[in-house]
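Chain by chain, the residues run as shown.
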Amino acid sequence: MKQLTYLQSDSMQMNTKAFFLKSLLSLTFFALSFPLFAQEVQDTIPVLEYTEPIEYEIGGIKVIGADYSDDNAVISIAGFRVGDKIRIPGPAIQKAIKALWKLRLFTDVKIVKEKTIGDIVFLEIYVQERPRLTRHSYQGVKKSVHDDLNDDVNKYLLKGGIVTENVKTNAREAIEDYFIGKGYLDAVATVTEIPDSIRPNSVRLVFNIDRKDKVKIRNITFVGNDNVKSKKLRKQMEDTKERRRLFASSKFIKDEYEADKEVIVAFYNTLGYRDAKIESDSLYRDEDGLLNIQVNIDEGNQYYFRNISWKGNSIYDEQTLANILSISRGDIYNQELLQTRLSFSQDGRDVSTLYMDNGYLFFQVDPIEVAVEGDSIDLEIRIFEGPQATIDKVVIKGNDRTHEHVVRRQLRTLPGKKFSRSDIIRSQRELMNLNYFNPETLGINTPVNPQRGTVDIEYALEEKPSDQLELSAGWGGIQGVIGTLGVSFNNFSLRNIFNKEAWRPLPQGDGQRLSLRAQTNGDFFQSYNASFTEPWLGGRKPNSLTVAGFFNRFAFGQRNTESYRSLSIRQATVSLGTRLKWPDDNFVTSTSLNLQTLSLDDWAQNFTTDQNERVDNGNFNNFSITQSLVRSTVSDPIFPKDGSRISLSVQLTPPYSLFNPDRDYASESVEDRYRFVEYHKWRFDADWYTPIVGNLVFKAQAKIGLLGSYNSEIGTSPFERFQLGGDGINNQQFGFAGVDIISLRGYEVEDLPANVSSAGGSVATPVYSKFTVELRYPLSLNPSSTIFVLAFAQGGNAWNSTREYNPFDLRRSAGLGLRVFLPMFGTLGFDYGIGFDNPNKEQTLQGLGNFNIILGFEPE
């Protein structure tokens, strides 16, 4: 039987044994130098008793207990090799154990002698591996935050990895930091290690989380702000707010607080305090656990611009540059304004744009403070103009469906032209207005070749669905079920219609628009319309051609009976449009020829004259020309963030009555008087968008309509009037030509006095105006489903004549709404508006409220 002793890895002691001692000195020396026994503790090495070291040759090595570690790797790290010479006892054993301990993979390490054969020894390395992680979980928090926690915790936890105290501590601190970042400054996380029966020597970790309450900020005080009020400084802090402020979260997040301190310093810089700094700050909790913050500020001196000189400019003189800079001697020294006027003005009014629009892509500008005297600063603005850059290649990528010529005809950047930053911005806007590409991923790259003085323009596009499908069935009360089928192909290709290979599923890619729609429930209502638009007639200039037509028929009762009433409208339209070059190329003009006939058979709805005569029978001809002028700088038709759209249109019929001045219209019947309808119709529409903060967008809108007559004896036409109120949906009951449907949120059509005739029933009016302001915020800008919410305030009214028109007599409303744009179905949504000026309704929120539905398109 082997007789073993145990040696500690860092010191060895000897228990007393019987030895033959020759002297007390030799016994003491031997006891201190060659211990034979040691305490049996965690780091132990059992070997045979030896009276003196003996040299052996290693004949074999075994590793026991290494379930996850490679045996050969353990032997290699221990430093043993078969055939090596080893002295027992000796330093090699102790060195091997220390090397294995340094791996931090084991909780116990032992090296023992298995057997000896002569001078050959066989060793066994016993290891106890640290536990491995199988899984982890959380307790005390909702599942909705587990994924977010995993993003932080998985940086330290690896499935199958070694579980150490350091790993557990890092994971626990990551959890606490996550909640501290959310304002839970007192959050505490503990970790429990539980053996897992799934695998041997494995554990699972359970993190118990007590996030406690959010720590609110009670007070933010400033010290040293002699020239700026504390209230104004608090207003600059975007994320760190006091608890008493309305709608302020007041939670403390360190990263946001540090960013807000930088904002305060930057604000001081805009006021001329260019040396302003935050000397220190202190944070402490009061007896209620609320956080108090004190910020100590050193404002420094306020500085002013004095002398501004230019150096290096040869293309533009100093006066031209100074006019763009618009900074005068004595102005407050504002570094942010200076950089904006030199390089980063959003409206393009800066020196860099001036040069870059003239091809100077390599332009650089550097303002240098050359003198600081008292409170005045002299600047020398150093300019490197560089050579002009010419556009070499224009590369288009990602247009999988849209043909390349359709994209190129929208671009202002052409090979051989001088580089222009404004041309790139305009090209980007034109591509977005096509509504074929995802505006969120549209990228523009400008690789430069300085040796040749050229630049390539690369447009990276991502196609998005642009066609729309309308397929629905609805119940129309006494009219029964009404079915609708409509398709709009907004990127159609007419020239490939006979090319079978181009049908995927339809020929597309040429930017043409084809729309077909049918709606019917049988005899009561039928509506069919079709239109085709070629936006680049001839392919060389943006001259558009539109051909459209529709047929609508409404009927009540049974045919060939006295109760039968009907209205039929037929119309054909041909329109030509072109983009103007003056005053700028944002203007588009179009001219339309409209041929319309109306047939009424006992139709006693909507059409009345100025004398309240009903127009209910007869055939009427409405031949007109429409001339419109539109200027648009809107960059995204689905969710505009900036820009404006202004439209002025006039629709004219021939002045038939002027051709026959002796005709007695007063004695004629209504049918004869209006057999050839005459009028002049004016419409003005304006929309303006601007971003406020981030994606929050402000919209202002104005709409005015006027229908006039040539001859006072005839009066205003009963057709082509305006009907203000309701949701504005061109539905089956009111949706026919001859009346322009205008929405007014918060009011039904009958809520406006001018819309109700003296005989009862709703009528249309010749004059209206409507004004709207909205705040819009997107929930999703994904092109497959653009979603945004809005809050609105609106005012509008209708009048029976221009003499009654009063722009300040408006029916006011306010409310909330939601819009969802789906490429296949158009715009869907709803508005809930409260009409404040509706005396006929119960004066409660419920009585004044009005719910409107939006289906397929945004109402006017």
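Residues numbered from 1 in each chain as written. Predicted model: local features only at pLDDT ≥ 70, side-chain atom pairs only at ≥ 80, totals over all residues. Heavy atoms only, no water.

Novice: What's the story with the overall build of the protein chain in this structure? I'm lost.
Specialist: On a plain count of helices and strands, the protein chain comes out with 15 helices and 37 strands. At 42 Å, the protein chain has a C-alpha radius of gyration far larger than the 29 Å of a compact globule built from 860 residues. Oriented by its inertia axes, the alpha-carbon framework of the protein chain measures out at about 160 × 80 × 65 Å. When burial is assessed residue by residue, the protein chain has 44% of its 860 residues classed as buried. Charge centroids of the protein chain, computed over 98 positive and 109 negative side chains, lie 3 Å from each other. (Helix = DSSP H or I, 4+ residues; strand = E, 2+ residues; numbered from the N terminus. Rg over C-alpha atoms; globule rule 2.2 N^0.38 Å. Buried < 20%, exposed > 50% of the residue type's maximum accessible area, 1.4 Å probe, protein only. Lys, Arg positive; Asp, Glu negative; His and termini not counted. Charge placed at Lys NZ, Arg CZ, Asp CG, Glu CD.)

Novice: What should I look at first to understand the sheet that holds strand S15 (residues 376-384) in this one?
Specialist: Through backbone hydrogen bonds, the strands of a sheet pair up, either in parallel or in antiparallel fashion. Ordered in space as S13-S15-S14, the three strands form an open sheet in which the pairing is mixed. Edge strands, defined here as strands with exactly one partner in the open sheet, are strand S13 (304-311) and strand S14 (364-373). Each strand axis lies, on average, 25° off the axis of its neighbour in the sheet, ignoring direction. Pairing geometry for S13 and S15, over six bridges, is parallel. Looking across to S15, one finds that Lys311 is bridged to Arg382. Strand contacts of helix H8 (residues 318-325): S13 and S15, with the helix running at about 140° to S13, the strand carrying the most contacts. Lying on the sheet, helix H9 (residues 335-344) is in contact with S13, S14 and S15; it crosses S14 at an angle near 150°. (Pairing = 2+ DSSP bridges. Axes fitted to C-alpha atoms, helices over the stretch in contact; angles between N-to-C directions. Contact = heavy atoms within 4.5 Å.)

Novice: What is the right way to look at the pairing of strand S34 (residues 785-799) in this model?
Specialist: Strand residues, when the strand is regular, have side chains that alternate between the two faces of the sheet. As defined by bridge partners, strand S33 (residues 767-782) adjoins S34 across 15 bridges and the pair is classed as antiparallel. Note on S34: the bridge partner recorded for Val773 is Ala793. In this structure, S34 lies alongside strand S35 (residues 811-822), joined through 11 bridges in antiparallel fashion. When the sheet's bridge partners are listed, Gly795 is paired in S35 with Arg812.

Novice: Before we go on, may I ask you to explain the sheet that holds strand S9 (residues 202-210) in this structure?
Specialist: Taking strand neighbours across the sheet as the criterion, the three strands line up as S7-S9-S8 in an open arrangement whose pairing is mixed. One side of each edge strand has no neighbouring strand; the edge strands of this open sheet are strand S7 (132-139) and strand S8 (188-195). Between one strand axis and the next, the sheet turns through 20° on average, direction left out of account. Bridge count between S7 and S9: seven bridges; the pairing is parallel. Note that in S9 the partner of His136 across the bridge is Leu205. Of the strands in this sheet, S7 and S9 touch helix H4 (residues 146-153), which is tilted by about 140° from S7. Contacts between helix H5 (residues 165-181) and the sheet are confined to S7, S8 and S9, with S8 contributing the most and set at about 145° to the helix.

Novice: How do you make sense of the packing of helix H2 (residues 71-78) against helix H3 (residues 91-102) when you look at a structure like this?
Specialist: Angle between the axes and distance between the axes: these two values describe a pair of packed helices. H3 packs onto H2 with a crossing angle of 125° between their chain directions and a minimal axis gap of 8 Å. Relative to H3, the element H2 lies oblique. Counted together, Val74, Ile77 and Ala78 of H2 and Ala96, Ala99 and Leu100 of H3 form the full contact between these two elements. Residues that form the contact of H2 with H3 fall into these classes: six nonpolar, no polar and no charged. (Parallel < 35°, antiparallel > 145°, perpendicular 65-115°, else oblique. Nonpolar A, V, L, I, M, F, W, Y, C, P; charged D, E, K, R; others polar.)

Novice: Can you help me understand the side chain of Asp831 in this one?
Specialist: Note that Asp831 resides in strand S36 (residues 826-835). One polar contact links Asp831 to Arg745, side chain to side chain, over a distance of 3.5 Å. Non-local contacts of Asp831, meaning those with residues more than four positions away in its chain, are made with Arg745, Leu790, Phe792, Leu816, Gly817, Leu818, Arg819, Asn850, Phe851, Asn852 and Ile854. (Polar contact = N/O pair within 3.5 Å; in protein donor to acceptor, adjacent residues only side chain to side chain.)

Novice: Sorry, what's going on with unusual backbone geometry here?
Specialist: Cis geometry is found at the peptide bond from Arg504 to Pro505, where omega equals -10°. Note on placement: Pro505 falls in the loop between strand S21 (481-492) and strand S22 (512-520). Of note, the amide linkage connecting Trp582 to Pro583 takes the cis form, showing an omega dihedral of 0°. Its location among the elements puts Pro583 in the loop between strand S25 (565-579) and strand S26 (587-601). Even without being glycine, Ser326 reaches a positive phi, approximately 55°. The phi torsion at Asn435 lies on the positive side, around 65°, for a residue other than glycine. Its location among the elements puts Asn435 in the loop between helix H12 (421-434) and strand S17 (443-445).

Novice: Help me understand the pattern of salt bridges, please; the structure alone is not making it clear to me.
Specialist: Oppositely charged side chains can pair when the atoms bearing their charge come close. On inspection of all chains with the given rule, the structure shows 48 salt bridges. Note that Arg421 is salt-bridged to Asp350, the shortest N-O span being 3.3 Å. Taken as a pair, Arg421 in helix H12 and Asp350 in the loop between H9 and helix H10 (351-356) lie far apart in primary sequence, 71 residues in all. For Arg421, a relative accessible area of 24% translates into the label partly exposed. Close ionic contact of Glu380 with Arg382 constitutes a salt bridge, the shortest N to O distance being 2.6 Å. (Salt bridge = Lys/Arg side-chain N within 4 Å of Asp/Glu carboxyl O.)

Novice: Explanation requested: the confidence of the model for the protein chain in the structure shown.
Specialist: Detail in the predicted coordinates should be disregarded across regions flagged by low pLDDT. When pLDDT is averaged along the protein chain, the result is 85; 90% of the residues meet or exceed 70. Across residues 1-50, where pLDDT falls below 50, the model places 83 contacts with residues more than four positions away in sequence or in other chains. Under a pLDDT of 50 for its full length, residues 731-736 has, in the predicted model, 18 contacts with residues more than four places off or in other chains. (pLDDT = per-residue confidence, 0-100.)

Novice: Is there a simple way to think about a nonpolar patch on the surface in this case?
Specialist: A contiguous nonpolar patch, built from Ile646, Leu648, Trp682, Phe684 and Ile704 and spanning about 410 Å² of accessible area, is present on the exposed surface. Broken down by secondary-structure element, the contributors of at least two residues to the nonpolar patch are strand S28 (643-652) and strand S29 (680-693). Here Leu648 shows up in strand S28. A relative accessible area of 43% means that Leu648 is categorised as partly exposed. (Patch = residues over 30% accessible without salt bridge, like charges linked within 9 Å, V, L, I, M, F, W, Y side chains within 5 Å. Areas by Shrake-Rupley, 256 points an atom, 1.4 Å probe, with all protein chains shown as cover.)

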